[in-house]
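Residue strings, one per chain:
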2 protein chains.
Amino acid sequence: MAIRERRERERAERERAIVAAARELAESEGWDAVTTRRLAAEIEYSQPVLYSHFKGKGAIMAAVAVEGCGDLAAELAAARADATDARQAVAGIATAYAAFAERRPALYDAIFNLPTELPFASQDVPVELARAFAELAETLRPFAGDDNLETFTETFWSGLHGLVSLMRNGRLRREEHERRLALLVDRFARLG
Amino acid sequence: MAIRERRERERAERERAIVAAARELAESEGWDAVTTRRLAAEIEYSQPVLYSHFKGKGAIMAAVAVEGCGDLAAELAAARADATDARQAVAGIATAYAAFAERRPALYDAIFNLPTELPFASQDVPVELARAFAELAETLRPFAGDDNLETFTETFWSGLHGLVSLMRNGRLRREEHERRLALLVDRFARLG
DNA sequence: CAGCTTGGCTAGCGGTGCTAGAGTTCCGGT
DNA sequence: ACCGGAACTCTAGCACCGCTAGCCAAGCTG
């Protein structure tokens, strides 16, 4: 019976290795370099093994995305904790958000840009993502005014997402990045 | 000599057919359905012909994107022309922008989301895209205040882009769409 | 020890973007 | 009027993709 446990342990370990390999490969060479063949070689197993763990490549990417949500949530939480006042908290969390997207573009894409099927605006949203959203919402609460907090947060979040994703593929002038960020924060972190 | 002219005319016509086929196929079945084989079948030529017109699939997509920019610019201009006052102009152009993205998702993706190499924040940005941006900028001018108009416009544009692209792949609750749009407009179309 | 279950492997399917090289058609000079 | 050469399009194929059927060798169970 202990053998079965060892097997399950090894299997779980292998699954972690797959996700880790996908993440590292994506971060170092981009998602185009993440192929099932390459992934299989990385974990030193054959391709079909991947499909005994995940339904397909999309599911592997979704797993990486969920992991990334945890990192994002942690960084946003840290930024919020460091803030000295409410307005500065918004600026800080916005900067942290943009920095995350810039530092880990592949991870960011997996979470927000790629047409992956990870549940979002539904019941079973990953808890890590909910945490990240909650960090944003709590930071914005003092400024929501009469607006619904969730809607207000979604709108601000969209602004951040638009800024980072448009800049990342060259649609915006990089040198104006911080000014745009400050402008966005200024528009959302004001009373009345 | 006239024969050469006819040839060139036919060649130009064929190039138009390629872009039109790519656009129609993308709009009706999504970009995944746009393959070089399918495109070749559509224009009733063999695959290599495509490569005598364009450097590759990416170049074809870029051509579609440029065409789409023209449509977007026209719709934004129409919305601005219909406006009765400055604030309503912003609301109208925002609605028009969102409507364009919703009505022609494939075209919108080609312009803003796909990692295509069409020049953007550089010197030789397509004139159609510059027109679309200028429509936004002129509409926002009354509200830019002390901020640089171009930076201000980029930020508002990012907000719009974030809203439509996050909603389009299920990251936002659809039923709140109009409220978010109104909220964004409210934050940017105010004096002081 | 025999038989079955489990699980990883090889090999391959149908698809992709793209290209080399053959073959055909047509133009221009004699 | 004809023929050599240029221009152009086609067939066939390369290397890769995500994914899967079916074989084969282990190891557990009676």
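Refer to the structure printed above.
These lines cover the structure that appears in this document, whether it is placed above or below. Note that the structure is predicted; figures quoted are calculated from it, not measured. (Residues numbered from 1 in each chain as written. Chains lettered and ligands numbered in written order. Predicted model: local features only at pLDDT ≥ 70, side-chain atom pairs only at ≥ 80, totals over all residues.)

Time to look at the overall build of chain A. Secondary structure assignment for chain A yields 9 helices and 0 strands. Seen through its principal axes, chain A has C-alpha atoms that stretch 65 × 40 × 30 Å. Across the 192 residues of chain A, 38% fall into the buried class. Partitioning the intrachain contacts of chain A with sequence separation of at least 6 by distance along the chain shows that 63% fall at a separation of at least 24. (Helix = DSSP H or I, 4+ residues; strand = E, 2+ residues; numbered from the N terminus. Buried ≥ 20, exposed ≤ 12 C-beta atoms within 10 Å, placed from the backbone. Contact = placed C-beta atoms within 7 Å.)

Burial within helix α6 (residues 105-113) of chain A is extensive, with 8 of its 9 residues counted as buried. Within α6(A) the residues assigned to the buried category are A:A106, A:L107, A:Y108, A:D109, A:A110, A:I111, A:F112 and A:N113.

Right, let's talk about the interface of chain A and chain B for a bit. Contact with chain A, which involves 27 residues of that partner, is made by 27 residues of chain B. Taken together, the elements giving at least two residues each to the side of chain A that touches chain B come down to α8 (149-168) and α9 (177-188) of chain A. Looking at the side of chain A that touches chain B, the element that brings in the most residues is α8(A), giving 10 residues. Looking at the side of chain A that touches chain B residue by residue, the classes come out as 11 nonpolar, 8 polar and 8 charged. (Nonpolar A, V, L, I, M, F, W, Y, C, P; charged D, E, K, R; others polar.)

A few words on the packing of helix α5 (residues 86-103) of chain A against helix α7 (residues 127-140) of chain A. The axes of two packed helices give the description: the angle between them and the distance between them. Residues and elements named next belong to chain A. At a minimum axis separation of 9 Å, α5 and α7 run at an interaxial angle of 150°. By the angle between their axes, α5 is roughly antiparallel relative to α7. The handedness of the crossing between α5 and α7 is left-handed. Packed against α5, whose contacting residues are A89, V90 and I93, the element α7 presents E135, L136, T139 and L140 at the interface. Split into classes, the residues belonging to the contact of α5 with α7 amount to 5 nonpolar, 1 polar and 1 charged. (Axes fitted to C-alpha atoms, helices over the stretch in contact; angles between N-to-C directions. Parallel < 35°, antiparallel > 145°, perpendicular 65-115°, else oblique. Left-handed = near helix turned anticlockwise from the far one by under 90°.)

Around DNA strand C, 17 residues are found, and the nearest of them are A:S46, A:P48, B:T35, B:G56 and B:K57. Put simply, the parts of the chain that give the surface near DNA strand C at least two residues each are α3 (47-53) of chain A together with α2 (36-43), α3 (47-53) and α4 (57-82) of chain B. Looking at which element gives the most residues to the surface near DNA strand C, the answer is α3(A), with 4 residues. Tallied by class, the residues present in the surface near DNA strand C amount to 6 nonpolar, 8 polar and 3 charged. (Near = placed C-beta within 6 Å.)

Expressed as a screw transformation, the operator carrying chain A onto chain B has a rotation angle of 180° and an axial translation of 0.0 Å, and the superposed copies differ by an RMSD of 0.1 Å. As the rotation angle and translation indicate, the two copies are arranged about a two-fold axis. (Least-squares fit on C-alpha atoms with pLDDT ≥ 70 in both.)

Below, the discussion takes up the environment of B:G56. By the secondary structure assignment, B:G56 is in the loop between α3 and α4. A residue is classified by how many C-beta atoms lie within 10 Å of it, and B:G56, with 11 of them, is exposed.

As a further point, take the protein's contact with DNA strand D. Around DNA strand D sit 18 residues in total, of which A:T35, A:T36, A:G56, A:K57 and B:S46 are the nearest. Breaking the surface near DNA strand D down by element, the ones donating at least two residues are α2 (36-43), α3 and α4 (57-82) of chain A together with α3 of chain B. Top element by residues in the surface near DNA strand D is α3(B). It accounts for 4 residues. Tallied by class, the residues present in the surface near DNA strand D amount to 6 nonpolar, 8 polar and 4 charged.

As a further point, take the packing of α7(A) against α8(A). Residues and elements named next belong to chain A. Put simply, α7 and α8 touch, their axes get as near as 9 Å, and they point 105° apart. Accordingly, the angle class assigned to the pair α7 and α8 is roughly perpendicular. Of α8, the residues touching α7 (which contributes F133, L136, A137 and L140) are L149, E150, F152, T153, F156 and W157. Residue composition of the contact of α7 with α8, grouped by class: 8 nonpolar, 1 polar and 1 charged.

Another point: unusual backbone geometry. Apart from glycine, the bulk of residues carry a negative phi angle, and the bulk of peptide bonds sit in the trans form. With a phi angle near 60°, A:E44 is a residue other than glycine that sits in the positive phi range. Residue position: A:E44 is located in the loop between α2 and α3.

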